[in-house]
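Summary of the model geometry
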Amino acid sequence: MVAVYVTLEGEAKVQWSMSGKSETANYSGHQQYLHSRTNVFDNSLFRAGVHVYVLTLRIPPDCPSTCKGPYGYIAYHLSLTIDKPWGFDEVFKKPINVVQTLDLNYNPEFTLPVKDENIKYLCHWPCISGPISSTLALPASGFTPLQEVPFRLEVDNQSPHYDINAVEVSIKQHFVFLSRNPVKRNFYTKTLVKELIADRTLRLSKRQYESSICVPMDTPRSTLNPNYIVFIHYTLQVKLKTGCFHYDTDLSVPIIVGTTSLQHLRNSVHTHQPARRTTTPERQRLIERVTPRPPTVEEETAAEAAATTTDEPHQALDDDEPPSYDSCLPPSFSFATLAGSQQTLGSNHAVVLQRIHLPKFPGFSTLIGTAPAHGMEDSGLDMHMYRSYGSLDTDHTGRSLDTFGSLCGPLSEHVEEQEHEVEAETEAEAEEEAETLDVTAQVHQVAAARAQVAEAEEDLLDEHLF
């Protein structure tokens, strides 16, 4: 008897390992959100041909959205199984995207403004300078993909020696992976979008910046349920570029990414991803170098005459820019000298973090949902956890306060450097092995040549004797 059934499954999985000189620690976790089976056909008479069945499968509203990170993922897939008693079953799987709705208008805390302040002194006694006071403010904390995030930055530079060269604004995506066996946390930070404001704040002066930055289109919604083993939250980060071998001043405020925008901010939602290209000072200098000279009067007259003779009118692209030459720029000093932190696991060697094998994920254009919100099962979490980071066992810098933080810390800054170091060490070991093999082969060749010479001498001696 042939049986045909459809299975809808959703799960979250985290996995990573940390290798040291003498031991390896493995961390893993698993959560099952959905597992439903629907029988389509259950009969011995399964005739040849095309069979069409219409099914409606329900996804519970508390299932989290599809997402993936370097050490874990949340994935859903739909599988069709043809159960054949006389042979192997045929299984067809297809990944699907699930978007958990979050209406930002249901929670009044998302409409409240957020603010962060910082006071920094560039030098210490006896050469201490005046303070640099900065304040970052947002009109609300809830936004949706393709929506502009307006912000206001006030800078009071009372330093008599240093200027603020530029302001860097970015949206950070923070992953928190929770392992169940054993219970540990792993962190990963990713920059979704970054823009640079080249306006300077001179010494002993004040300046106010008012601008906005757009949330990328394919941004998953924020996770508000702390029981999930894959947790996502977002921050808007502003860096004041002081230069002169001083650390940049960081300001960060939390933002919530939902699926339905706030009513008083719906005018800032775009229908498509805006095309913005940040012009860095290095790129601006290169653009000025390669910019062609302005045409003369004779050239302009000849161009206008040629344009009038053509059938199609010439359309000038005023906003067209020359190609980017950022890839041709030399590396910065920090990038060239950065060696990465040498974290250890019972040894003095760098920790090797092995990532999880990700399944196939379908592509999607946007995560803005139009379906109504089915309750707010995971929205009862207090917003103070985003302001104090206490529920995540982290301080205001995002660094872990538990035992795992001493091993990995904020992995976003050093994981790639560690991976490059591991690859370089592997290549070096492979080259050493190849050199050893070459030396061994040469030794064998020399020994064989000596054996041949010895045999030839013995033959000559035998001939002389006889």
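Throughout what follows, the structure given in this document is the object of discussion. Just so it is clear, the structure is predicted and the values come from calculations on it, not from any experiment. (Residues numbered from 1 in each chain as written. Predicted model: local features only at pLDDT ≥ 70, side-chain atom pairs only at ≥ 80, totals over all residues. Heavy atoms only, no water.)

**Regarding the packing of aromatic side chains**
Summed over the entire model, instances satisfying the criterion amount to six aromatic pairs. An angle of 65° between the planes, with centres 6.4 Å apart, marks the rings of W16 and Y71 as edge-to-face. Of this pair, W16 sits in strand β1 (residues 2–19) while Y71 sits in the loop between β3 (67–69) and β4 (72–83); the two residues are 55 residues apart in sequence, bridging distant segments of the chain. A ring pair is formed by F175 and F177, whose centres lie 5.5 Å apart and whose planes are at 0°; its orientation type is stacked. For the pair F175 and F177, one class covers both residues: buried. In this structure an aromatic cluster arises from ring pairing among W16, Y27, Y71, F175, F177 and Y188. Geometry around Y5 places R37 over its ring, the cationic atom sitting 3.6 Å from the centre. (Phe/Tyr/Trp six-rings, centres within 6.5 Å; stacked < 30°, edge-to-face > 60°. Helix = DSSP H or I, 4+ residues; strand = E, 2+ residues; numbered from the N terminus. Buried < 20%, exposed > 50% of the residue type's maximum accessible area, 1.4 Å probe, protein only. Lys NZ or Arg CZ within 6 Å of the ring centre and 35° of its normal.)

**Quick word on the environment of K93**
Relative to the elements of secondary structure, K93 occurs in strand β5 (residues 90–96). Along the backbone, K93 and L8 are 85 residues apart, and their C-alpha atoms lie at a distance of 9.8 Å. Once residues lying within four places of it in the same chain are set aside, the contact partners of K93 are H77, L78 and S79. (Contact = heavy atoms within 4.5 Å.)

**Observations concerning the environment of F41**
Within the fold, F41 resides in strand β2 (residues 24–43). For the pair F41 and V2, spaced 39 residues apart in the sequence, the C-alpha separation amounts to 7.7 Å.

**With respect to the nonpolar core**
In terms of nonpolar packing, the biggest core is built from 59 residues, with L138 and L236 touching the most fellow members. Setting aside residues up to four positions removed in sequence, L236 forms contacts with L136, L138, V149, F151, V169, S170, I171, I213, L251, S252, V253 and I255. Core analysis: the second largest hydrophobic core is formed by six residues, V2, V4, V6 and I82 among them. (Core = buried A, V, L, I, M, F, W, Y, C linked by side-chain atoms within 4.5 Å.)

**Quick word on the side chain of D156**
Looking at the secondary structure, you find D156 in strand β9 (residues 148–157). Despite its burial, D156 pairs with no opposite charge, the nearest such side chain being K206 at 4.2 Å. In this view, D156 contacts P131, I132, S133, S205 and K206; residues no more than four positions away in its chain are not counted. (Lys, Arg positive; Asp, Glu negative; His and termini not counted. Salt bridge = Lys/Arg side-chain N within 4 Å of Asp/Glu carboxyl O.)

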